[in-house]
Amino acid sequence: MTNAEIRLLTGRDAEAYWHLRLEALEFEPQSFGESAEEHRVTSVESAAERLGANPDDNFVFGAFHEGQLVGMAGFFCYPNAKARHKGRIWGVYVRASCRGQGIGRALMVALLARIRACPGVEQVSLTVVSEQEPARALYRSLGFRTVRNGASRPESRRPLL
């Protein structure tokens, strides 16, 4: 397993988060909806605001190894009343040099535990690039299943939340 510290990111982590997010967008551009160019025009201050905006149902977990942020995984609940029971996992990334050490699993386990504590959340989805087989295997092992458009959701017969 990993010896990484997994914890909720706060505004104090904004600079490290901003840089790791840029790294993710530069090295795995096919895996994210935002481009590195779009990210570069955002500020560390806006990242700090985002990390502290609504930690009850919109949060990011980070994995720290030897004091450095090396992984992240985010979640948000849909804001409109008819979709409040749904949430989305986004921005999952582990630095290439730290992969294969259980950090991604530890991040997802912590994230899912926090999601379970969110009142009213019944359905969680995420999207993964089909070529990312290690990520797909991890998500399957955590109870997610593939649906029509390629998004993954927890197996409905086996409650995840």
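Residue numbers here run from 1 along each chain, matching the order of that chain's written sequence. Where totals are concerned, whole chains, interfaces and linings use all residues; where local detail is concerned, this predicted model gives features only for residues with pLDDT of at least 70, and gives and counts side-chain atom pairs only at 80 or more. To obtain the side-chain values, all non-hydrogen atoms of the structure were included, while hydrogens and water were left out.

1. Looking at the packing of helix α1 (residues 14-27) against helix α3 (residues 44-52)
Here is step 1: Structural elements are reduced to axes, namely lines fitted to C-alpha atoms, with helices fitted over the stretch in contact, and the angle between N-to-C directions of any two is expressed from 0 to 180 degrees. Helix numbers and strand numbers start at the N terminus; a helix is a DSSP run of H or I with at least 4 residues, a strand a run of E with at least 2. Two elements in contact, α1 and α3, have axes separated by 8 Å at closest approach and are oriented at 105°. Considering the angle they form, α1 stands roughly perpendicular to α3. Facing A14, E15, Y17 and W18 of α1, the residues of α3 in contact are V44, A47, A48, R50 and L51.
Here is step 2: Following the grouping adopted for this structure description, the nonpolar residues are Ala, Val, Leu, Ile, Met, Phe, Trp, Tyr, Cys and Pro, the charged ones are Asp, Glu, Lys and Arg, and the polar ones are all others, Gly among them. When the residues that make up the contact of α1 with α3 are grouped by side-chain class, the tally is 7 nonpolar, no polar and 2 charged. For classification purposes, an angle smaller than 35 degrees is called roughly parallel, one larger than 145 roughly antiparallel, one from 65 to 115 roughly perpendicular, and anything else oblique. When checking whether two residues touch, look at their non-hydrogen atoms; a contact exists if any pair is within 4.5 Å.

2. Digging into the packing of aromatic side chains
Here is step 1: Each Phe, Tyr or Trp ring, with Trp reduced to its six-membered ring, pairs with another whose centre is within 6.5 Å; inter-plane angles below 30 degrees give stacked pairs, above 60 give edge-to-face pairs, and intermediate values give tilted ones. Counted by the stated rule, this structure contains 5 aromatic pairs.
Here is step 2: Centroid distance Y139 to F144: 6.4 Å. Interplanar angle 65°. Geometry classified as edge-to-face.
Here is step 3: Judged by relative accessible area, which is 7%, Y139 ranks as buried.
Here is step 4: Grouping aromatic residues by their ring pairs yields a cluster made of F59, F61 and F75.
Here is step 5: Definition used: whenever NZ (Lys) or CZ (Arg) falls within 6 Å of the ring centre and also within 35 degrees of the ring normal, the charge is taken to sit over that ring. The cationic tip of R114 hangs over the ring face of F59; the distance from NZ or CZ to the ring centre is 4.7 Å. Categorising residues by exposure relies on relative accessible area from a 1.4 Å probe, with only protein chains included: less than 20% of the type maximum marks a residue as buried, more than 50% marks it as exposed, and the intermediate range marks it as partly exposed.

3. Let's talk about the side chain of H65
Here is step 1: Assignment of secondary structure puts H65 in strand β2 (residues 58-65).
Here is step 2: Not counting chain neighbours up to four residues away, the residues in contact with H65 comprise N3 and V70.

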